[in-house]
Amino acid sequence: MLTHFHEDHVGGAAELAGSTGAEVLVHRLDAPVVRGEAPGPPPVFEDWERPLHAAAVRHLPQGEYARPPQVTEVDGDLLDFGGGARVVHVPGHTHGSIAIHLPRHGVLCTGDAVAASPVDGSVMLGVFNLDRAQAIASYHRPAALDADVVCFGHGDPVLGRASVVLRESADGYPAPA
Ligand SMILES: [Zn+2]
Ligand SMILES: [Zn+2]
């Protein structure tokens, strides 16, 4: 499952699929970018995000990216793994950002819709969003789910009472006007 089209989440997908035979799934709105058919729309930065992003980009390999993977498109589906995996659309970080909820195991993977701060581990809205207001609106969707463990694209997971931690964090963001 690719949670969205950003290179740091997609770069190894074709190689992994080739060596394991795994199917690669992505939300239909991010699929054309992952397939290399459309450019990825760039983030709309908050001023404080610019130096963070410049530092992050220095860690990415330069030059050509790996060949794009073959993908299967999903859209709010219930998938047959992990005891029944629910795809939760959380647009804002990218248009096709998704979280994956495994209710049977009490596990939620948020992709970059939510993150844990590298400074103090606190749970926060993801950074480098295409549409921050939409990302804030979407934050309440995963926060409403029941999960004991939440894993992020970046930062350490929350182990235990994760839904409560997520809801407290989401409530700290102003509702979009
Ligand atoms: Zn991202
Ligand atoms: Zn990321």
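Being a predicted model, the structure only gives us computed values, none of them experimental.

So, how was this worked out
Residues numbered from 1 in each chain as written. Chains lettered and ligands numbered in written order. Predicted model: local features only at pLDDT ≥ 70, side-chain atom pairs only at ≥ 80, totals over all residues. Heavy atoms only, no water. Donors = N, O, S within 2.8 Å, 3.2 Å for Na, K, Ca; no water. Tetrahedral: all angles 85-135°; square planar, octahedral: opposite > 155°, others 65-115°. Helix = DSSP H or I, 4+ residues; strand = E, 2+ residues; numbered from the N terminus. Buried < 20%, exposed > 50% of the residue type's maximum accessible area, 1.4 Å probe, protein only. Phe/Tyr/Trp six-rings, centres within 6.5 Å; stacked < 30°, edge-to-face > 60°.

(A) Broad picture of the coordination of the zinc ion (ligand 2). For the zinc ion (ligand 2), every protein donor is listed as D8 (OD), H9 (NE2), D112 (OD) and H154 (NE2), and the spread of their distances is 2.0 to 2.3 Å. One can describe the donor arrangement at the zinc ion (ligand 2) as irregular, given that its 4 donor atoms subtend angles of 86 to 158° at the metal. Counting the intervening residues between successive donors of the zinc ion (ligand 2) yields the motif D-H-x102-D-x41-H. Between the zinc ion (ligand 2) and the zinc ion (ligand 1), the interatomic distance is 3.5 Å, and D112 donates to each metal, bridging them. Taken together, the positions of D112 in the loop between β6 (107-109) and β7 (114-116) and H154 in the loop between β9 (149-151) and β10 (158-159) put the pair 42 residues apart, joining distant regions of the chain. Relative accessible area serves as the criterion here: at 9%, D112 is assigned to the buried category.

(B) Examining the packing of aromatic side chains more closely. Taken as a whole and assessed by the stated rule, the structure comprises 2 aromatic pairs. Judged by centre distance (5.8 Å) and plane angle (85°), the rings of F45 and F128 are edge-to-face. With F45 in the loop between α3 (31-34) and α4 (49-57) and F128 in the loop between β8 (123-125) and α5 (132-143), the pair connects residues that are 83 residues apart, well separated along the chain. According to the relative accessible area criterion, F45 is partly exposed, its value standing at 22%. We classify F128 as buried; its relative accessible area is 15%. Ring centres 5.7 Å apart and planes at 55° place the aromatic pair Y139 and Y173 in the tilted group. Residue Y139 is located in helix α5, and its partner Y173 is located in the segment after α6 (162-171); the two are separated by 34 residues in the primary sequence. For Y139, a relative accessible area of 1% gives the class buried.

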